Amino acid sequence: NFAVSCGVKWGNDIYVDDKKVGGVLCQWVSDYLLIGIGINVTKPKIIPRELENRLGWICDSAASSVAHQLIQSLYEQIVIYSRMNPSDLLKDYRNRCVHIGKNVEIEADNTLLQGKCVGIGDDFSLLVEMDGIIQNFSSGYMVLKI
């Protein structure tokens, strides 16, 4: 079994030890939902300077057995999450969020906004407090301010 304790950053980033190790993209195509998952399994040989403090990976070995264990564990987790009711899924998502209570920048409608993330809405939207007002975002690009 492949076990890594991870968190999420709204809307699609996967974090381990405060570093981004992957992401998930979903897209509806006709009647099907396509899910793409990218994971930094091992440390890359070259890390751009601007990513040194933010980029992570999940193990030190690139053996085929690691990939097999990872794929098996991902499949098992997908099955578990597919059987969860929406309220339990939302609760788990909120518990795994790495940005709640932190300062964030969000780009929405070509505007860069700053505030403090105060939670996740019941519709999985991002809740950000700006100048004492809580704003709800259902799309946009969010950056944690470290």
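Before reading further, recall that the structure is shown in the block above.
Now for a description of the structure that goes with this document. No experiment lies behind these values; they were computed from the predicted model shown.

1. A few points about the overall build of the chain
Across its full length, the chain holds two helices and nine strands. The secondary structure elements of the chain, listed N-terminal to C-terminal, are β-β-β-β-α-α-β-β-β-β-β. Considering only residue pairs separated by 6 or more positions, the chain has 41% of its internal contacts joining residues 24 or more positions apart. Accessible area for the chain stands at about 10300 Å²; split by element, carbon and sulfur atoms hold 52% of it.

2. Describing the pairing of strand 7 (residues 126-130)
In terms of burial, strand 7 is a largely internal element, four of the five residues being buried. Direction of pairing for strand 6 (residues 111-120) relative to strand 7: antiparallel, over a ladder of four bridges. Directly across from Ile120, in strand 7, lies its bridge partner Leu126. Joining the antiparallel neighbours strand 6 and strand 7 is a turn of five residues, in which Phe124 adopts a positive phi near 70 degrees. Both strand 7 and strand 8 (residues 133-137) contribute to a ladder of five bridges, which runs antiparallel. Opposite Met130, over in strand 8, you have Ile133 as the bridge partner.

3. Section: the sheet that holds strand 5 (residues 103-108)
Strand order in the open sheet formed by five strands is 8-7-6-5-9, with antiparallel pairing between adjacent strands. Because the sheet does not close on itself, it has two edges, and the strands there are strand 8 and strand 9 (141-144). For this sheet the average axis-to-axis angle between neighbouring strands, irrespective of direction, equals 45 degrees.

4. Digging into the sheet that holds strand 1 (residues 7-9)
The strand order across the open sheet formed by four strands is 1-2-3-4, and the pairing between neighbours is antiparallel. Only two strands of the sheet have a single neighbouring strand rather than two, namely strand 1 and strand 4 (32-39). Direction aside, neighbouring strands of the sheet carry axes that sit 25 degrees apart on average.

5. Considerations on the layout of surface pockets
The gaps of empty space that remain are located by a probe, the size of a water molecule, rolled over the atoms. Its volume calculated, the largest pocket comes out at about 1600 Å³. Together, 44 residues line the largest pocket, and Val8, Ile14, Val24, Tyr81 and Tyr93 are the ones closest to its centre. Of all elements in the fold, only strand 1, strand 2 (13-16), strand 3 (19-29), strand 4, helix 1 (64-82), helix 2 (86-96) and strand 9 reach the threshold of two or more residues within the lining of the largest pocket. Of all the elements, helix 1 adds the most residues to the lining of the largest pocket, at eight residues.

6. Describing the side chain of Glu105
Along the chain, the position of Glu105 falls in strand 5. Of the polar contacts made by the side chain of Glu105, one reaches the side chain of Gln114; its length is 2.9 Å.

7. A short note on the environment of Leu74
Relative to the helices and strands, Leu74 resides in helix 1. Residues Leu74 and Ala3, spaced 71 residues apart in sequence, show a C-alpha to C-alpha distance of 9.9 Å.

8. Quick notes on a nonpolar patch on the surface
Among the surface-exposed residues, Trp28, Leu33, Ile35, Ile37 and Ile78 lie close enough to one another that they form a single nonpolar patch of about 530 Å² accessible area. Ranked by residue count, the leading element in the nonpolar patch is strand 4, at three residues. Note on placement: Leu33 falls in strand 4. Of the residues examined, Leu33 reaches a relative accessible area of 40% and is grouped as partly exposed.

Scoring rules and cut-offs
Residues numbered from 1 in each chain as written. Predicted model: local features only at pLDDT ≥ 70, side-chain atom pairs only at ≥ 80, totals over all residues. Heavy atoms only, no water. Helix = DSSP H or I, 4+ residues; strand = E, 2+ residues; numbered from the N terminus. Contact = heavy atoms within 4.5 Å. Areas by Shrake-Rupley, 256 points an atom, 1.4 Å probe, with all protein chains shown as cover. Buried < 20%, exposed > 50% of the residue type's maximum accessible area, 1.4 Å probe, protein only. Pairing = 2+ DSSP bridges. Axes fitted to C-alpha atoms, helices over the stretch in contact; angles between N-to-C directions. 1 Å grid on protein atoms, 1.4 Å probe; cavity = no way out; pocket = protein on both sides within 12 Å on 5 of 7 lines; lining within 4 Å. Points joined across faces, edges and corners; volume = space filled by probe spheres on them. Polar contact = N/O pair within 3.5 Å; in protein donor to acceptor, adjacent residues only side chain to side chain. Patch = residues over 30% accessible without salt bridge, like charges linked within 9 Å, V, L, I, M, F, W, Y side chains within 5 Å. Salt bridge = Lys/Arg side-chain N within 4 Å of Asp/Glu carboxyl O.

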